[in-house]
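Examining the three-dimensional arrangement
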Amino acid sequence: MNTEIPSHGQPIDRFAAAISGEVYESVHSSSAIKSDKRQALLAGDYPNPKHLREIAGQIKQHTLESLDKYLPQAVESLERNGVRVHFAANGEEARQIIGSLLAARGAKKVVKSKSMATEEIHLNDYLAANGVDCIETDLGEFIVQIDGDHPSHIVTPIIHKNRRQIAKSFEKHGLGAYNDDPETITRRARKFMRDKYMSADAGITGANFVVAETGRLVLVTNEGNSRFSLAAPKLHIALVGIEKLVPSDRDLSVFLNLLVRSATGQQFTAYTEFISGPHASGQPSGPEEMHVVFLDNGRSDILAGDCREILRCIRCGACLNICPVYRQASGHAYRSVYPGPIGAVLSPLLAGEKFPSLADLPKASSLCGACNDACPVNIPIPDLLLRLRDKGKREHAPLASRGVPPMGGFAGLASQPALWKGALLAGHVMNYFPVEWVPVPPLSKWTAQRTLPEFRGGEFRKWWKQRRQR
Amino acid sequence: MSSKQQILNKVRQALSDKQNRAPYPVYDTAEYVAKPRVEGGSAEQVFRRNFAAVHGIVVGDFEELKAVLAKQPLKKGCCDPALTAKLQGLHIEWESEFNRNKFDEYDIGVTFASGAVAETGSLMLKDRATADRLSALAPWVHVAVLKRSEIYLTLPEALQRLGDDPNVILVTGPSKTADVEGILIEGVHGPGVQIAWLVD
Ligand code: SF4
């Protein structure tokens, strides 16, 4: 592991070079294990997983390109179910809506179930500043919260921490004497969290999917924290990106099967909840009042642009786990809520005017295509990265044009179809060829700090061709 | 203009120049059924196998239930009043309502399931049939009483049974986490022991 911090180069490379050996070890090994599990599970369960990913991508693409129909339909369905629906154009508005919903019920104690959308709008800081005690209930998110840290992965937020670091945090925060046994850590969290659930006034969640036709919110968790957040408190607020819709209930078999396998290498999560309103009459527990806040925060701009495919994302994290850059750099190097390949596309786009400050992210990729092949909704991430590099150049973003490694050679290759095809063939040879031997000086500098995944290339190109023909 | 109008307008505009919008693909949900997981027997047999694979426990009658529960230190429980009569002789002090002030005193909760998914090894709990969400969640042991006739073979079949209940949950084994170094630990916030009691 290179510990020298280079003074030049892209910010992401500087971050990558500065991470400790401990962090590198945690991130690298667990992301590799998860990738292997995902691949084995999909291959064992289905004769043609690729076809299933393509269909899933098409359903999502269809939903996005008909969002002008599905979004109003979802609102109607939710309202019919007794859910109050709100719209927030940006993070500020979303925070205010949530803040006033809590204030209206005098809610001072909140339990929150892991949600990337709430991370995106920095809800916790806002609530804390407004005197609301908001506890993260997912074990990983809870550890991030007590550490004052940030998640480094969208599914496994503490992938960068080992048990000793966690044990120290627990000790520091009065959750018992130092003990790094994972079972003890979990039991302590269980005990601590129970009082929090039972005394909470409100539960805040995100949603993995919202079904336009029926107005069902779908939430998947393993720990049971979202179930508890919706069993004890009387108010439920869900913050949901406008891209989270799927047309109908039947589509859930597509997305649940692919999401869970891709995210954690499980067949199914322990808790899969379908929520279409406040609790049933006669049910003593659960919310009496339910609100959905639809969040735009840049999404409608992305929909209008040439990278709208990224809105298909179902936040499974598979592209992070497979990515050689993510494995090397860890999540914090991306300096934004969404790390890894998904983040390299989504974060600069969501940044709006601040795009230039994250314009280096789309460059932090060898365009190996592994993310595209891993993606359950078949997002052509490498292609989107190229479009963003181009955007960076057009907008004269300094971080986009200052270059380590120079991508000139690659650009030449990529712009000449015959050369590119030759290179793809050569890609298979690369599987048996130590990349450190690549005799191009800038490239060997690049590969000295990165490992390439096994080349299984060509899929993306095939996809692109078919897409063009369609 | 309200944010709602503004956002809906922006969405409409974003798509206005889009000529050929991506169509909804033709597909069969059966393609998403994991064949190897649903083969090898009746829906009940498949459920038994897959529920066991996620560390759930299936019992086929009261005697079996008694034997499984004997392994747990159980003093107090919360039980759906419609089921208390069936649960005598277990040396458990049953309460018929979940008392929130004593939430930590219950070792076991017993409620009705509304179905099961054999393919995924999941119990289906519906809000209207569940005596109390908390009885099915807070105690260390949860027993769901499941009619054999309500075991659906595949996930797509089960999704057709969601109905108009405002809250349906598929429970696939005990609550679990792998947040600490990827090591699987069961019994995080929900039950550490998840039992399905099959009845006719
Ligand atoms: S881009 Fe695809 S692989 Fe990456 S998190 Fe989103 S859905 Fe998963």
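Here the structure is a predicted model, which means the values were calculated and not measured. (Residues numbered from 1 in each chain as written. Chains lettered and ligands numbered in written order. Predicted model: local features only at pLDDT ≥ 70, side-chain atom pairs only at ≥ 80, totals over all residues. Heavy atoms only, no water.)

Observations regarding the overall build of chain B
Of the regular secondary structure elements, chain B holds five helices and 12 strands. Relative to the 2.2 N^0.38 estimate, which gives 16 Å for 200 residues, the radius of gyration of chain B is 21 Å and therefore markedly larger than a compact globule would have. When its C-alpha atoms are laid out on the principal axes, chain B stretches across 70 × 45 × 40 Å. For chain B, with 200 residues in total, the buried portion stands at 56%. Sequence separation of at least 24 residues holds for 68% of the intrachain contacts in chain B that already meet a minimum separation of 6. When the accessible surface of chain B is totalled, it reaches about 8,400 Å², and 50% of it is carbon and sulfur. Of the charged side chains in chain B, 23 are positive and 26 negative; the average position of the first set lies 6 Å away from that of the second. (Helix = DSSP H or I, 4+ residues; strand = E, 2+ residues; numbered from the N terminus. Rg over C-alpha atoms; globule rule 2.2 N^0.38 Å. Buried < 20%, exposed > 50% of the residue type's maximum accessible area, 1.4 Å probe, protein only. Contact = heavy atoms within 4.5 Å. Areas by Shrake-Rupley, 256 points an atom, 1.4 Å probe, with all protein chains shown as cover. Lys, Arg positive; Asp, Glu negative; His and termini not counted. Charge placed at Lys NZ, Arg CZ, Asp CG, Glu CD.)

Digging into the confidence of the model for chain A
Residue and element names in this part refer to chain A. With 82% of its residues at a pLDDT of 70 or more, chain A shows a mean pLDDT of 85. Across residues 403–417 the pLDDT falls below 50, and counting only partners more than four positions away or on other chains, this stretch makes 20 contacts in the model. Here residues 419–458 scores under 50 on pLDDT; set against residues more than four positions off or in separate chains, the count is 50 contacts. (pLDDT = per-residue confidence, 0-100.)

Notes on the sheet that holds strand β12 (residues 193–199) of chain B
All names here are of chain B. Here six strands make up an open sheet; going across it, the order is β1-β12-β7-β4-β2-β3 and the pairing parallel. Lying at the two open borders of the sheet, with one neighbouring strand each, are β1 (57–59) and β3 (93–95). Across this sheet, the average inter-strand angle for adjacent strands is 25°, counted without regard to direction. Pairing of strand β2 (residues 76–79) with strand β4 (residues 108–112) involves three bridges; the strand directions are parallel. (Pairing = 2+ DSSP bridges. Axes fitted to C-alpha atoms, helices over the stretch in contact; angles between N-to-C directions.)

Some remarks on helix α5 (residues 91–104) of chain A
Residue and element names in this part refer to chain A. Over its 14 residues, α5 runs 20 Å from end to end, which matches the ideal 20 Å to within 8%, given 1.5 Å per residue. Of the positions making up α5, those classed as buried are Gly91, Ala94, Arg95, Ile97, Ile98, Gly99, Leu101 and Leu102. The inward-facing, buried residues of α5 abut β1 (84–88), β2 (109–112), α7 (123–129), β4 (202–205), β7 (235–241) and β10 (289–295). For α5, the N-terminal capping position is held by Asn90, with its side-chain oxygen 3.3 Å away from the main-chain nitrogen of Glu92. Where α5 ends, the next residue or the one after it, Gly106, has phi of about 60°, a positive value. (Expected span 1.5 Å × (residues − 1). Polar contact = N/O pair within 3.5 Å; in protein donor to acceptor, adjacent residues only side chain to side chain.)

A look at the site of the ligand
Taken together, 13 residues sit near the ligand, with Cys313(A), Cys316(A), Gly317(A), Cys319(A) and Cys375(A) positioned nearest. Tallied by class, residues from the shell around the ligand come to 11 nonpolar, one polar and one charged. (Near = heavy atom within 4 Å. Nonpolar A, V, L, I, M, F, W, Y, C, P; charged D, E, K, R; others polar.)

Some points on the interface of chain B and chain A
Size of an interface: often given as the accessible area lost when the parts come together. Counting residues at the interface gives 72 residues for chain B and 94 residues for chain A. Across the chain B/chain A interface, buried area totals approximately 7,300 Å², and carbon plus sulfur atoms make up 57% of it. Together, Tyr32(B), Arg133(B) and His189(B) form the three largest contributors to the area buried by chain B at its contact with chain A, with a combined 12%. Linking chain B to chain A there are five salt bridges. Note that Arg194(A) and Asp104(B) form a salt bridge whose closest N and O atoms lie 3.6 Å from each other. Put simply, chain B and chain A have 52 residue pairs in polar contact (both at pLDDT 80 or more) between them. Elements supplying a minimum of two residues to the side of chain B that touches chain A: α1 (3–16), α2 (35–38), α5 (155–159), β9 (167–171), β10 (176–177) and β11 (185–186) of chain B. For the side of chain B that touches chain A, the leading source of residues is α1(B), giving nine residues. Class assignment of the residues belonging to the side of chain B that touches chain A gives a composition of 37 nonpolar, 14 polar and 21 charged. When strand β9 (residues 271–275) of chain A meets β9(B), the two strands line up antiparallel, connected through five bridges. By the bridge assignment, Phe274(A) is partnered in β9(B) with Val168(B). (Buried area = accessible area lost by both parts, 1.4 Å probe. Salt bridge = Lys/Arg side-chain N within 4 Å of Asp/Glu carboxyl O.)

What to know about the pattern of salt bridges
Residues and elements named next belong to chain A. Under the defined criterion, the tally for this structure stands at 32 salt bridges over all chains. Across the salt bridge formed by Glu92 and Arg95, the nearest N and O atoms sit 2.7 Å from each other. Taken together, the positions of Glu92 and Arg95, both in helix α5 and three residues apart, correspond to about one turn of that helix. Residue Arg95 is classed as buried on the basis of its relative accessible area, which comes to 17%. Here Lys161 ties to Asp147 by a salt bridge, and the two come within 2.9 Å at their closest N and O atoms. Taken as a pair, Lys161 in the loop between α8 (139–147) and α9 (163–172) and Asp147 in helix α8 lie far apart in primary sequence, 14 residues in all. We classify Lys161 as buried; its relative accessible area is 10%. Overall, the relative accessible area of 28% leaves Asp147 in the partly exposed class.

Some words on the side chain of Asn378(A)
Mapped onto the secondary structure, Asn378(A) falls in the loop between α17 (370–374) and α18 (381–394). Engagement of the side chain of Asn378(A) in a polar contact is seen with the side chain of Asn372(A), the distance being 3.3 Å.

Quick look at the packing of α9(A) against helix α10 (residues 182–199) of chain A
All names here are of chain A. Contact pair α9 / α10: the axes reach a minimum separation of 11 Å and the direction vectors enclose 35°. Classified by chirality, the crossing of α10 by α9 is left-handed. Here Arg163, Ile166, Ala167 and Phe170 of α9 come into contact with α10, specifically with Pro182, Ile185, Arg188 and Ala189. Taken together, the residues of the contact of α9 with α10 sort by class into six nonpolar, no polar and two charged. (Left-handed = near helix turned anticlockwise from the far one by under 90°.)

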